[in-house]
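Examining the three-dimensional arrangement
Here is what each chain is made of, one letter per residue.
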Amino acid sequence: MKKPINKYIDHTNINLNATKEDILKTCKEAKEYDFRGVCARPKWVSMVAKELKGTDIKVVVLIDDPIGDSDHETRVAICKKAKADGANDLDIVVSIPDIKHERWEKIEKDLKEICKIGPTKVIIASGMLTDDEIARVSSIIKTAGAICVKTATDKDPLENRELDEKARHLKIMRKNAPGLLIKASGKIQTLKDVNKMIKAGADIIGSSNGVKIMKETKKYV
């Protein structure tokens, strides 16, 4: 294993009903376990940045879920504000409608501008895509200048399937975006799940179950 389990995990709270207290708790847990990052919605970025100041934990923001269908200007504006508020990583959903209509040039143009704003991890909602679509969009994401290809948000239908399918998608992503980080997310709930994703090639794990996963690791120390 290349690094400790905790440093794979972007500790995630993207619950639409999350309160200030919920997000503060997520930040506290991230500091306790020294996770890679905290992933939250745009409205919480400035508070998360304040809470994580002085640590090396990244502020990660989820943008334009679940299918990336906001217009380009809106997406850019949200990314710029998140960056100004203290976000380190922009986790933005690619336009799934554009993929389905094979608007590849539009996708690349959109992502190139966004990637100039800050380090960008592009979510492809792989459970909604064919293998060919995963391969094509992963290649475009590399060309656009992103740092990472990411599988899913909490709305990806793949969450209701076996993680073996997600692992297979990771391999397609790795093959078609060589050199980029690969982030696995969506219903990764146990240490076994994490290890399966790492074995398949994940560099980062997005999960709201980080604390539970870390408690499991204690059983094997």
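1. Digging into the pattern of salt bridges
Side chains bearing opposite charge may pair, as long as their charged atoms lie close to each other. Within the structure shown, the criterion is met by 25 salt bridges. Residues Asp-10 and Lys-121 are paired through a salt bridge, measuring 3.4 Å at the closest nitrogen-oxygen approach. With a gap of 111 residues between them, Asp-10 in strand S1 (residues 9–12) and Lys-121 in strand S5 (residues 120–123) connect regions that are remote in the sequence. Owing to a relative accessible area of 0%, Asp-10 belongs among the buried residues under this scheme. Classification of Lys-121 as buried rests on a relative accessible area of 0%. Measuring nitrogen to oxygen at the nearest pair gives 2.8 Å for the salt bridge that ties Asp-89 to Lys-121. Of this pair, Asp-89 sits in strand S4 (residues 89–93) while Lys-121 sits in strand S5, and the two are 32 residues apart along the sequence.

2. Examining the packing of aromatic side chains
The final tally for this structure, using the stated rule, is one aromatic pair. With centroids separated by 5.7 Å and ring planes inclined at 25°, the aromatic side chains of Tyr-33 and Phe-35 adopt a geometry described as stacked. Positioned above the aromatic ring of Tyr-8, the side-chain terminus of Lys-3 is 4.5 Å from the ring centre.

Definitions and cut-offs
- Sequence order sets the numbering: in each chain, residues are counted from 1 along the sequence as written.
- Restriction of local features to residues with pLDDT of at least 70 applies here, the model being predicted, together with a cutoff of 80 or more for giving and counting side-chain atom pairs; totals for whole chains, interfaces and linings are based on all residues.
- In computing side-chain properties, one takes all heavy atoms of the structure into account and sets aside hydrogens as well as water.
- Any Lys or Arg side-chain nitrogen located within 4 Å of an Asp or Glu carboxyl oxygen qualifies as a salt bridge.
- We count a stretch as a helix when DSSP gives it H or I for four or more residues in a row; a strand needs E for two or more, and each element gets its number in order from the N terminus.
- Only protein chains enter the accessibility calculation, which uses a 1.4 Å probe; a residue whose area is less than 20% of its type maximum is buried, one above 50% is exposed, and one in between is partly exposed.
- Pairs were defined over the aromatic rings of Phe, Tyr and Trp, the Trp ring being its six-membered one, requiring ring centres within 6.5 Å. Orientation was assigned from the angle between planes: stacked under 30 degrees, edge-to-face over 60, tilted for the rest.
- Counting as a charge over the ring demands two things of the Lys NZ or Arg CZ atom: a distance within 6 Å of the ring centre and an angle within 35 degrees of the ring normal.

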